[in-house]
Amino acid sequence: MSLLPLFLSRLIAFIFVAIGAIPTWANAQNSITNLVTTEQVRAELMAYAPDGADPGKTVWVALQLTHQPHWHTYWKNSGDSGQPTQLTWKLPPGVIAGDLAWPTPRKLPTGSLVTYGFGDTVLLPVPLTITPEFKPSLLTPELEVKLQASWLVCKEECVPQDGEFVLRLPVKSSTALQGNVFQAAFAAQPQALKGSSSITLEGSQLKVSVNGLPTALHGKTLEFFPETPEVIEPGAPWSQAWNGATWTASVPMAIHRSASPTELPMVITSEVDGQLSGFATTAQISGSWPATPAPGEPAPASDGPSTFTVSSAAASGALPTSFWLALAGALLGGMILNLMPCVFPVLAIKVVSFTRHADDRRGHRVSGLAYSAGVVLSFLALGALMLALRSAGQQLGWGFQLQSPVVVAALAVLFTVIGLNLAGLFEIGQFVPSGLATLESKNPSVNAFLSGILAVVIASPCTAPFMGASLGLALSLPALQALAIFATLGVGMALPYLAASWSPALARLLPRPGAWMDSFRRAMAFPMFATVVWLVWVLGQQTGIDGASALLALLVGVAMVIWAFTLRGKSRLPIAAICIAAFASMTWATGKNIVTFSEPAGGVASSARWQAWAPGKVDELVAAGSPVFVDFTAAWCVTCQYNKRTALADSGVLADFDAKKTILLRADWTRRDPAITAALAQLGRNGVPVYVFYQAGKAPVVLSEILSVSEVRAAIAGL
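Model, not experiment: these values are computed from the prediction.

Draft legend 1. Region of the structure containing the overall build of the chain. From N to C terminus, the chain includes 22 helices and 24 strands. Taking all 719 residues of the chain together, 48% fall into the buried category. Counted over contacts in the chain with a minimum sequence separation of 6, partners at least 24 positions apart contribute 74%. Accessible surface, the chain: about 32,600 Å² in total, of which carbon and sulfur atoms supply 61%.

Draft legend 2. Seen up close, a nonpolar patch on the surface. A cluster of nonpolar residues, Leu331, Leu332, Met335, Val491 and Leu495, forms a patch on the protein surface that exposes about 350 Å² of accessible area. Elements supplying a minimum of two residues to the nonpolar patch: helix H5 (321–337) and helix H12 (479–501). Among the elements that take part in the nonpolar patch, H5 stands out by supplying 3 residues, more than any other. For valine 491, the location among the structural elements is in helix H12.

Draft legend 3. Representation of helix H15 (residues 525–566) within the structure. In this model H15 runs just 18 Å from its N-terminal to its C-terminal C-alpha over 42 residues, more than 12% under the 62 Å that 1.5 Å per residue would give. A maximum bend of about 135 degrees is found in H15 at threonine 543.

Draft legend 4. Highlighting the sheet that holds strand S8 (residues 113–118). Reading across the sheet, the 3 strands line up as S4-S8-S7 and stay open at both edges, with antiparallel pairing between neighbours. Of all strands in the sheet, those bounded by a partner on one side alone are strand S4 (73–79) and strand S7 (106–110). Across the sheet, the mean angle separating the axes of adjacent strands is 45 degrees when strand polarity is ignored. Bridge count between S7 and S8: 5 bridges; the pairing is antiparallel. Paired with proline 109 across the bridge in S8 is valine 114.

Draft legend 5. Examining the sheet that holds strand S10 (residues 142–154) more closely. With antiparallel pairing, 3 strands are arranged side by side in an open sheet as S5-S10-S11. Bordering the open sheet on either side are strand S5 (86–90) and strand S11 (158–170), each of which pairs with just one other strand. Across the sheet, the mean angle from the axis of one strand to that of its neighbour is 15 degrees, orientation sign disregarded. Taken together, the 13 bridges between S10 and S11 define a ladder with antiparallel strand orientation. The residue bridging alanine 149 from the neighbouring strand is glycine 163, located in S11.

Draft legend 6. Local environment of the pairing of S10. Sheet topology note: the S5/S10 ladder contains 5 bridges and is antiparallel. Looking at the pairing, tryptophan 89 lines up with leucine 147 of S10. Where S10 folds back on S11, the antiparallel hairpin that results is connected by 3 residues.

Draft legend 7. Spotlight on the pattern of salt bridges. Applying the stated criterion across every chain yields a total of 9 salt bridges. A salt bridge links arginine 666 to aspartate 631; the shortest N-O distance between them is 2.8 Å. Residue arginine 666 is located in strand S22 (residues 663–668), and its partner aspartate 631 is located in strand S21 (residues 628–633); the two are separated by 35 residues in the primary sequence. Arginine 666 sits in the buried class, given a relative accessible area of 11%. We note a salt bridge from aspartate 656 to arginine 713, for which the minimum N-O separation is 2.6 Å. Taken as a pair, aspartate 656 in helix H20 (residues 651–659) and arginine 713 in helix H22 (residues 709–717) lie far apart in primary sequence, 57 residues in all. The exposure class assigned to aspartate 656 is buried, which follows from its relative accessible area of 18%.

Draft legend 8. Geometry of the side chain of threonine 416. Position of threonine 416 relative to the elements: it lies in helix H8 (residues 405–423). Assessed through its relative accessible area of 7%, threonine 416 is described here as buried. Every residue in contact with threonine 416, bar those within four places of it in the chain, is listed here: Phe529, Val532 and Leu555.

Draft legend 9. Local environment of the pairing of strand S16 (residues 239–243). Pairing of S16 with strand S17 (residues 246–252), which is carried by 5 bridges, proceeds in the antiparallel orientation. Paired with tryptophan 242 across the bridge in S17 is tryptophan 247. Turn length for the S16-S17 hairpin, with the two strands adjacent in sequence and antiparallel, is 2 residues, and the turn residue glycine 244 shows positive phi of about 70 degrees.

Thresholds, definitions, all that
Within each chain, residues carry numbers counting from 1 in the order of the written sequence. Only residues with pLDDT of at least 70 are given local features in this predicted model, and only at 80 or more are side-chain atom pairs given and counted; all residues enter the totals for whole chains, interfaces and linings. Hydrogen atoms and water are omitted, and side-chain values are computed over all heavy atoms in the structure. Only DSSP runs of H or I covering at least 4 residues are called helices, and only runs of E covering at least 2 are called strands; the numbering of each starts at the N terminus. Exposed residues in this analysis have more than 50% of their type's maximum accessible area, buried residues have under 20%, and partly exposed residues fall in between, with area computed by a 1.4 Å probe over protein chains only. Throughout, a residue-residue contact means that at least one pair of heavy atoms, one from each residue, lies within 4.5 Å. We get accessible surface area from the Shrake-Rupley algorithm with a probe of 1.4 Å; when it comes to residues, only the shown protein chains can shield them. Residues qualify for a patch when their relative accessible area is over 30% and they have no salt bridge, like charges being joined within 9 Å and the nonpolar side chains of Val, Leu, Ile, Met, Phe, Trp and Tyr within 5 Å. By salt bridge we mean one thing: a side-chain nitrogen of Lys or Arg within 4 Å of a carboxyl oxygen of Asp or Glu. Expected helix span is taken as 1.5 Å per residue step, with the number of steps being one fewer than the number of residues. Given a residue, its bend is the angle between the two axes fitted to the seven residues that end at it and to the seven that start from it. By definition, two strands form a pair when at least two bridges between them are found by DSSP. As a rule, the C-alpha atoms of each element are fitted with a line to give its axis, helices using only the stretch in contact, and angles between N-to-C directions run from 0 to 180 degrees.

Encoded structure:
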């Protein structure tokens, strides 16, 4: 048992290597195409090569985005908010991608903010230069173009999306079926302006002067789009005028600039009779940029009509009260996390560890410190990963890793191995060198440290009381403050074990080591196997019955391989080789079912009482006068399942729902769903469970994570 945590790092590596051997290429061939469709956008990779794609030619490729009504994506400078569409190409040697030829943007006002982007249908073309180094295959002379694209699509809410695309173009033949689409896009791009343009800096204003615009535009109202972001205030009022053939404008500069350029590429646009035209120019900047204020300092006064203020807390550099409340909530939530069902399997390992050190006070304390270090560092690592992925445009929340079938399958394998070890099928010492066993005996704190890591891995799907608000606030704070909240969560979770390891009174209450420990250890195998049952069920929710069956077969194969290595004598190696070969064949044949989401991709099926949540559905129902209750849930959230079968299934609660004619919606977050992530973020949460009442004219009412019948009935009575 003592070698178990030390072996976990090698075991986890083995699991992911085994999962990596799954023939995902077959699934990839089906999922990577030239077309990706979401609820908001239809994205298609197109090509235009009228003269073929052999060396010396230029091939145009483009991502076409067709938006649903009222949805939009963003230009290269997105304005007050948003994110430009990103295109990453994977091309054969000798093929070089040029710059994206951005279309003419439009201004998209939202309240006092203004963004720059595109609605309806937009084509984002890129030229590919075919050099003599390009050597197509003689058997299949094709040019394979692969694209990884990501875009942010917004209406009232924003949804980050991405897709992988591939096109195979014949080298010697023309590809011009979509030529009219490309020709229309080329005609709609901003034209290079032949006249001169300049910008003079005066106070906090950019004085823009442009010559050479077409005569038909003289006297017309124009729009101004700088290509460099965070130089002007897009939503602030600005003025423009004509001085003969010269167009001038006075535009307020950004309060917190990201750059002080010496020249500014920009696009001037005009719309006449619904026809949008744009003209591109680069203005040389004269004058001196004012110094930008340091973070927390008030901005310089503007001579424009808009004024901006900074709160006294920010101006003084003091941390807001909400941050300290979030730290307190994180500490309490981390402590309560030890009582959540997710963590029960790890308690078995900790109890055995405590009894092992019952007569060794120093070893007990060292174990407590090492375990605490593993917990805190794991929380920091998981928090940093989530923040980094979100900053890269991913819509993720707490427990995001269990939205991946690969991670769920890997954990199921891990807990199967742990359970077999606890049950006595094998000892870790049989599979590790004697030198490693000696090293472990001299460094028992390594076991405790790895146990802390394992505890966080298992606990991460849960959200304890006080945790939800703290984690939701963390995502809106600077990185260092957010990481402080994650670290405090770890301190809270580790605190009970740390206190117990340093308390002589508690140490005296622990039972003395003896023969009973072997029976206790074997009994602790059953919580591990129960966790495996739960993980198989979670995978079944994601990948269907085929995925769950494939995982069960994989677990049988893992047990068979371990059993083979426990044999003795000359038959051990040949039997082990046969078992490994059988396991590899089984993984190759059925493994793809584990990582392939089942269809349809929807989460919660509508029933007579509960309906599936969808973006905008709450607003529609509330506008119609109905109170709405939303259960944000996930199959991998044990607390969610507990609440679903207790408080939310109580006959009195259901009767109260009916009496108030409350519409019940379930938002299933078992699989990654950016729309649900965005809805949680609007509530200040980034994990499940979350339970919310909506009613016209009132703010949403968010209930606690662990529901009681009395709490729900009281909330219903308040409708």
